[in-house]
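Chain by chain, the residues:
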Amino acid sequence: MKKFLIAAVSALTIAATALSLSACGFTAKKLKVLNVTLTGEQYGYCVNKSDTTILTEVNGLIGKLCGNGAYDPENTSAFSAEGIQYDFDGDGTSETVTFKTIYDAVTNDTASDIGEVPSSVPAGKTANDCLIVATNAEFEPFEYKNGSKYAGIDMWIAKILADTLNKTLVIKDMEFDVVITDVESGASHIGMAGLTINHGREQLVTFSKGYFLTTQSIAVAEDETAFDNCTTEAQVRAVIESMGNVDAGAASGQTGYFYIKGSTDFEFAGFANVNAKDYDSIGLAAQNLSNGKLKFVVGDKDPLTSAVNEINSHIRVEG
């Protein structure tokens, strides 16, 4: 599946890292994502507990885009949705758009970015004139940047929602850990950041209907053979538990980190023998895996696969 670049900055960082390693006599390794599902969750958008208006509007939009349930990229034959009339392809005329339309266009690299979007309420407008979105633009294919412009599945849905409400779209890019609290405080109207719905988060904000079914996946060095016979999560766990004390990485505050560390909110047991290291993005965690600093990385399947593909594209093949 062809992916957009994570971001120009990420690409430069990866290239610089590779050059630095070469100068020091180290070789970055190619990575692979195991074809094993560790867990299954749903993404939802979150709103302040007192904001029933935005909740109603976003649930209505999700219902039209997704149909009767969250979109499952592994079972597209069951997908059925009414869709909305919207000029998604930019040709000046509206067409029927569903979540699958957006997902396929973004992941196949045929969707554009959403254009320039202000990061604060523009002069002459009030917060009530705007749809203020909190996100973390480090989560391709759901939210990321092409230069200064936002792109990705959630960002397109944010634009569609703002247009539906006749509001000016404002996007605030922040650390993932801050998205929930920013919405809880009322500083943003809605959080759109590939947020997994769980009990702990539901104590702070209200979630929309689930719109996407995701799975946690594990990435390892391409030459790692310990997991070769694994087809189930139980087998993967058994291999990890047999490794002794190792370091593993994930993005800070994201589901993969809590899968490694353990969490009552997610109902994850964690691993007593694994030191969980958190990074600002899944891309940075994957870089450290490639550089030999981690034994494995856990993350949401689509963003993790995207990060692995990006890193592999920057590693030269010798010979």
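Residues numbered from 1 in each chain as written. Predicted model: local features only at pLDDT ≥ 70, side-chain atom pairs only at ≥ 80, totals over all residues. Heavy atoms only, no water.

Participant: What should I look at first to understand the overall build of the protein in this one?
Facilitator: Within the protein, the regular secondary structure consists of ten helices and 14 strands. Relative to its length of 319 residues, the protein is compact, with a C-alpha radius of gyration of 20 Å against a globular reference of 20 Å. By its C-alpha atoms, the protein is 55 × 40 × 40 Å across when sized along the principal axes. For the protein, with 319 residues in total, the buried portion stands at 52%. At a minimum sequence separation of 6, the contacts of the protein that also span at least 24 residues come to 74%. Summing over all exposed atoms, the protein offers an accessible surface of approximately 14100 Å²; the carbon and sulfur share of this is 48%. Positive and negative charge centroids in the protein, built from 23 and 41 side chains respectively, lie 3 Å apart. (Helix = DSSP H or I, 4+ residues; strand = E, 2+ residues; numbered from the N terminus. Rg over C-alpha atoms; globule rule 2.2 N^0.38 Å. Buried < 20%, exposed > 50% of the residue type's maximum accessible area, 1.4 Å probe, protein only. Contact = heavy atoms within 4.5 Å. Areas by Shrake-Rupley, 256 points an atom, 1.4 Å probe, with all protein chains shown as cover. Lys, Arg positive; Asp, Glu negative; His and termini not counted. Charge placed at Lys NZ, Arg CZ, Asp CG, Glu CD.)

Participant: Just to check I follow, could you spell out helix α10 (residues 301-313) for this structure?
Facilitator: Three- or four-residue spacings in an α-helix give side chains the same orientation, since the helix completes a turn every 3.6 residues. Between its first and last C-alpha atoms α10 spans 18 Å; for 13 residues at 1.5 Å apiece the expected length is 18 Å, and the two agree. Every buried residue belonging to α10 is among Asp302, Pro303, Leu304, Ser306, Ala307, Val308, Glu310, Ile311 and Asn312, and all of these are buried. (Expected span 1.5 Å × (residues − 1).)

Participant: Got a minute to help me understand a negative patch on the surface in this structure?
Facilitator: A surface patch of like charges, here negative, comprises Glu138, Glu175, Asp177, Asp278 and Asp280. Among the structural elements, glutamate 175 can be located in the loop between β8 (168-173) and α5 (176-184). (Patch = residues over 30% accessible without salt bridge, like charges linked within 9 Å, V, L, I, M, F, W, Y side chains within 5 Å. Salt bridge = Lys/Arg side-chain N within 4 Å of Asp/Glu carboxyl O.)

Participant: Teacher, can you tell me more about the nonpolar core here?
Facilitator: One broad trend across soluble globular proteins is that nonpolar side chains are buried collectively. In this structure, Phe99 and Ile190 are the most contacted members of the largest nonpolar core, which totals 47 residues. Top element by residues in this core is helix α4 (residues 153-165). It accounts for nine residues. Phenylalanine 99 has contacts with Leu65, Cys66, Tyr71, Phe79, Ile153, Ile157, Tyr211 and Phe212, leaving out every residue within four places of it along the chain. Residues Val220, Val246, Phe268 and Val298 belong to the second largest nonpolar core, which totals 23 residues. (Core = buried A, V, L, I, M, F, W, Y, C linked by side-chain atoms within 4.5 Å.)

Participant: What exactly am I supposed to notice about the side chain of threonine 107 here?
Facilitator: Turning to its location among the elements, threonine 107 is positioned in helix α3 (residues 99-107). For threonine 107, the side chain forms a polar contact with the main-chain oxygen of tyrosine 103, separated by 2.7 Å. (Polar contact = N/O pair within 3.5 Å; in protein donor to acceptor, adjacent residues only side chain to side chain.)

Participant: Looking at this structure, how should I read the packing of aromatic side chains?
Facilitator: To describe a pair of aromatic rings, one takes the distance between the centres and the angle between the planes. On inspection of all chains with the given rule, the structure shows 21 aromatic pairs. A centroid spacing of 6.5 Å and a plane angle of 25 degrees characterise the contact between phenylalanine 99 and tyrosine 103, whose relative ring orientation is stacked. Of this pair, phenylalanine 99 and tyrosine 103 both sit in helix α3, separated by four residues, roughly a single helical turn. The class of tyrosine 103 is buried, set by a relative accessible area of 4%. In this structure, arginine 237 is placed above the aromatic ring of phenylalanine 271, and the distance from its NZ or CZ to the ring centre is 4.0 Å. (Phe/Tyr/Trp six-rings, centres within 6.5 Å; stacked < 30°, edge-to-face > 60°. Lys NZ or Arg CZ within 6 Å of the ring centre and 35° of its normal.)

Participant: Explain the packing of helix α2 (residues 52-66) against α4 here, please?
Facilitator: A pair of packed helices can be characterised by two numbers: the angle between their axes and the separation between those axes. Running from N to C, α2 and α4 cross one another at 120 degrees; their axes reach a closest spacing of 11 Å. Taken together, the axis directions place α2 and α4 in an arrangement best described as oblique. Here α2 and α4 pass one another in a crossing that is right-handed. Facing Ile54, Glu57, Val58, Leu61 and Leu65 of α2, the residues of α4 in contact are Ile157, Ile160, Leu161 and Leu165. (Axes fitted to C-alpha atoms, helices over the stretch in contact; angles between N-to-C directions. Parallel < 35°, antiparallel > 145°, perpendicular 65-115°, else oblique. Left-handed = near helix turned anticlockwise from the far one by under 90°.)

Participant: Is there a simple way to explain the state of the cysteines in this structure?
Facilitator: Tallying each qualifying case throughout the model produces zero disulfides. We note that cysteine 46 lacks a disulfide partner, and the nearest cysteine sulfur, in cysteine 66, lies 17 Å from it. Residue cysteine 66 is classed as buried on the basis of its relative accessible area of 3%. (Disulfide = S-S within 2.5 Å.)

Participant: Just to check I follow, could you spell out the environment of glutamate 241 for this structure?
Facilitator: Along the chain, the position of glutamate 241 falls in helix α7 (residues 233-241). Along the backbone, glutamate 241 and valine 274 are 33 residues apart, and their C-alpha atoms lie at a distance of 8.2 Å. The contact partners of glutamate 241, leaving out residues within four places of it in the chain, are Phe271 and Asn273.

Participant: Just to check I follow, could you spell out the packing of α3 against α4 for this structure?
Facilitator: Remark: α3 packs on α4, axes separated minimally by 9 Å, with the N-to-C direction vectors making an angle of 135 degrees. Taken together, the axis directions place α3 and α4 in an arrangement best described as oblique. Once α3 is placed against α4, the crossing between them reads as right-handed. Taking contact as the criterion, the partners of Phe99, Ile102, Tyr103 and Val106 in α3 are, on α4, Ile153, Trp156, Ile157 and Ile160. Its residues placed into classes, the contact of α3 with α4 shows eight nonpolar, no polar and no charged. (Nonpolar A, V, L, I, M, F, W, Y, C, P; charged D, E, K, R; others polar.)

Participant: Looking at this structure, how should I read the pattern of salt bridges?
Facilitator: Where charged atoms of side chains with opposite charge meet at close range, the side chains can pair. What the rule picks out here adds up to nine salt bridges. The partner of aspartate 182 in a salt bridge is lysine 172, with the nearest N and O atoms 3.0 Å apart. Taken as a pair, aspartate 182 in helix α5 and lysine 172 in strand β8 lie far apart in primary sequence, ten residues in all. Overall, aspartate 182 belongs to the buried group, its relative accessible area being 13%. In this structure, the salt-bridge partner of glutamate 224 is lysine 295, at a minimum N-O distance of 3.2 Å.

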